[in-house]
Amino acid sequence: MENKSYRPIQQRKRSIWGRLVTFLVICLVLFLGVSVFFRVDEIRVVGETRYTADQIIRASGISQGDHLFLISEQSAVEGIQRALPYVGQAEIRRRFPNRLEIRVSETIPMAIIRLETGYLILDRDARILERTETTPLIRLIELRGLPEPISPREGAALHLGEAGQDRLRYLRDILNVIATLGLSSQISTLDMTELHNPEMLFDGRFTVRLGPNRNLRQKMDMLVSIVATMSDYDAGLIDLGPDQPVFRPNWPNQPEEGYPEYGTEAY
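Residues numbered from 1 in each chain as written. Predicted model: local features only at pLDDT ≥ 70, side-chain atom pairs only at ≥ 80, totals over all residues. Heavy atoms only, no water.

A.B. asks: Can you help me understand the sheet that holds strand β3 (residues 99-106) in this one?
C.D. replies: Sheet strands associate in pairs through backbone hydrogen bonding, adopting either a parallel or an antiparallel arrangement. The three strands lie next to each other as β1-β3-β2, forming an open sheet whose pairing is mixed. With one partner strand each, in any of the chains shown, β1 (42-46) and β2 (87-95) form the two edges of the open sheet. For this sheet, the mean inter-axis angle between neighbouring strands, taken without regard to orientation, is 20 degrees. With eight bridges joining them, β2 and β3 adopt antiparallel strand pairing. Its bridge partner being in β3, Arg95 is matched across the sheet by Arg99. Sitting on the sheet, helix α3 (residues 73-83) is in contact with β2 and β3, with an inclination near 145 degrees to β2. (Pairing = 2+ DSSP bridges. Helix = DSSP H or I, 4+ residues; strand = E, 2+ residues; numbered from the N terminus. Axes fitted to C-alpha atoms, helices over the stretch in contact; angles between N-to-C directions. Contact = heavy atoms within 4.5 Å.)

A.B. asks: What is the right way to look at the packing of helix α2 (residues 53-60) against α3 in this model?
C.D. replies: Geometry of a packed helix pair, given as the angle between the helix axes and the separation of the axes. The N-to-C vectors of α2 and α3 enclose an angle of 125 degrees; their axes lie 7 Å apart at closest approach. Judged by the angle between their axes, α2 and α3 are oblique. Classified by chirality, the crossing of α3 by α2 is right-handed. Counting all contacts with α2, which are made through Ile56, Ala59 and Ser60, the residues of α3 involved are Ala76, Gly79, Ile80 and Ala83. (Parallel < 35°, antiparallel > 145°, perpendicular 65-115°, else oblique. Left-handed = near helix turned anticlockwise from the far one by under 90°.)

A.B. asks: Got a minute to help me understand the packing of aromatic side chains in this structure?
C.D. replies: Each aromatic ring pair is characterised by the separation of its centres together with the angle its planes make. Taken as a whole and judged by the stated rule, the model has two aromatic pairs. Ring centres of Phe69 and Phe96 lie 5.6 Å apart, and the angle between their planes is 35 degrees; this geometry places the pair in the tilted category. Of this pair, Phe69 sits in the loop between α2 and α3 while Phe96 sits in the loop between β2 and β3; the two residues are 27 residues apart in sequence, bridging distant segments of the chain. Relative accessible area serves as the criterion here: at 47%, Phe69 is assigned to the partly exposed category. On the accessibility criterion, Phe96 (48% relative accessible area) is partly exposed. The ring of Tyr86 carries Arg50 above its face, with NZ or CZ at 3.7 Å from the centroid. (Phe/Tyr/Trp six-rings, centres within 6.5 Å; stacked < 30°, edge-to-face > 60°. Buried < 20%, exposed > 50% of the residue type's maximum accessible area, 1.4 Å probe, protein only. Lys NZ or Arg CZ within 6 Å of the ring centre and 35° of its normal.)

The structure is reproduced here in structure tokens:
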């Protein structure tokens, strides 16, 4: 007599194998479909920079025929910024089924470091845009009091060694606030000799002490407000380190002024 319990077991085994085969077939179809389709047919560069679209595409390492899913966005962006230093921001966008966009924007030269053999031009993030032997024609903030840069290379971040990390971090913060407020044209020099009290020359007549690296945006807002109250003949030291900024005039008979209404405690 045939064992009736044998049939359900056999049917269950066939069902499992059938599902497995179906799953493998679907995976194979998807793999072949993905391999054939989603190939880059068009690469478009969006944004204005000093570089041509061909230069940007070559620097990205992306070519027509590459697979959209297999493109490394990070590697492409790093390749662009390394080869083309004046590209500040780069973004890779996939446009299915077969188009890719590279969105770029240009960074602005902002500061300069004098070397024995020339100059380094930096942007707001202290990235090296250019190494040149001649004095730049544009006005830039001259940086002083920094350690000797280590292996400076165009397209790379400024490197000051382990001992200079805190100074470099403060420098980036200062440059970013200056850029955000649009004050770079009013600042001639930035001296980072004193880590906790950098000095800059503002408007050609005010030596500004920034104090420790805190409330930097508020301090720069205070500076703008204080200078707005000055006459065209005022000059001297503006100390933003204390909680209440202090102005010490160059003229010997003019009294020192405090600015309690701009104290950092108000923020």
